[in-house]
Amino acid sequence: MIRVAVADDHHLVRAGIRALLEKAGDIDVVGEAVDGLEALELLEAVVPDVLVMDIAMPRLNGIEAVERIQELGLETKVVILSMYSNELLVRQALQRGARGYLLKESVTNELLLAIRAASGGGTYLSPAISEALLPEALMSAAEEESPDFDPLTPREREVLLLIGAGNTNQAIARQLGISVKTVERHRANLMGKLGVNNLAELIRLAIKRGLIQLDE
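Residues numbered from 1 in each chain as written. Predicted model: local features only at pLDDT ≥ 70, side-chain atom pairs only at ≥ 80, totals over all residues. Heavy atoms only, no water.

*Asks:* Just give me the short version of the sheet that holds strand β5 (residues 100–103), but keep the residues and values in it.
*Replies:* Strand order in the open sheet made by the six strands is β2-β1-β3-β4-β5-β6, with parallel pairing throughout. Edge strands, defined here as strands with exactly one partner in the open sheet, are β2 (27–33) and β6 (124–125). Here strand β1 (residues 2–7) runs beside β2; their pairing, made up of six bridges, is parallel. Pairing of Val 6 across the sheet is with Glu 32, part of β2. Of the strands in this sheet, β4 (77–82), β5 and β6 are in contact with helix α4 (residues 87–95), which crosses β5 at around 150 degrees. (Pairing = 2+ DSSP bridges. Helix = DSSP H or I, 4+ residues; strand = E, 2+ residues; numbered from the N terminus. Contact = heavy atoms within 4.5 Å. Axes fitted to C-alpha atoms, helices over the stretch in contact; angles between N-to-C directions.)

*Asks:* Run through the pairing of β4, naming residues and quoting values.
*Replies:* Counting buried positions over the six residues of β4 gives five, a clear majority of the element. Pairing of strand β3 (residues 50–54) with β4, which is carried by five bridges, proceeds in the parallel orientation. Along β4, the bridge assignment pairs Val 50 with Lys 77. Each parallel crossover has a hand, and the one from β3 via helix α3 (residues 62–71) to β4 is right-handed. For β4 and β5, the ladder comprises four bridges, and the chain directions are parallel. Within β5, the residue paired with Val 79 across the bridge is Gly 100. Read as a crossover between parallel neighbours, the route from β4 over α4 to β5 is right-handed. (Buried < 20%, exposed > 50% of the residue type's maximum accessible area, 1.4 Å probe, protein only. Right-handed = clockwise from strand over helix to strand, strands pointing away.)

These figures come from the coordinates and say nothing about function on their own.
Structure follows, in structure tokens:
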């Protein structure tokens, strides 16, 4: 049996994933987490073979969590499940150690394929993004990022990602477990570092650099 844990801040998403996995026959769901930090605690407690994890979560996002998992030397393989398909995020996830990247719209048998591939030491990408990404998927994210984004902290990148997804300051504060004033400070820092004067310019520049992608 492949022992799998699921990390997503939405209960219905976790429930849907669990229901799918429990029908597989060769997968045992051994735990759930609601954010990145809780996911790390869960991995240390139950040591699953594979962690299925959202990329935009409170306290610690998916990319940061993958990096922490590698730093801690944990054996769990990570499959990222995200609504974001831009190539930069995929490269960042893979460079930091993720063994799979799927779009949330692909939560069907494709997730089972990704879990089985990851548990066997392989890598799986949604067909929707793999064609455009391979064979350069494992290129260094550092080489691909614009120097304009170098000054951004991981938290600022996370806030920018949530802004691009259409979240209000209040919604971002709730998701990250911080105050609205802190979100406003991060937003002001982003605008200052990126040299823009308003939210529309901030989002346009972030899209142009490939850091976020808005649904059409």
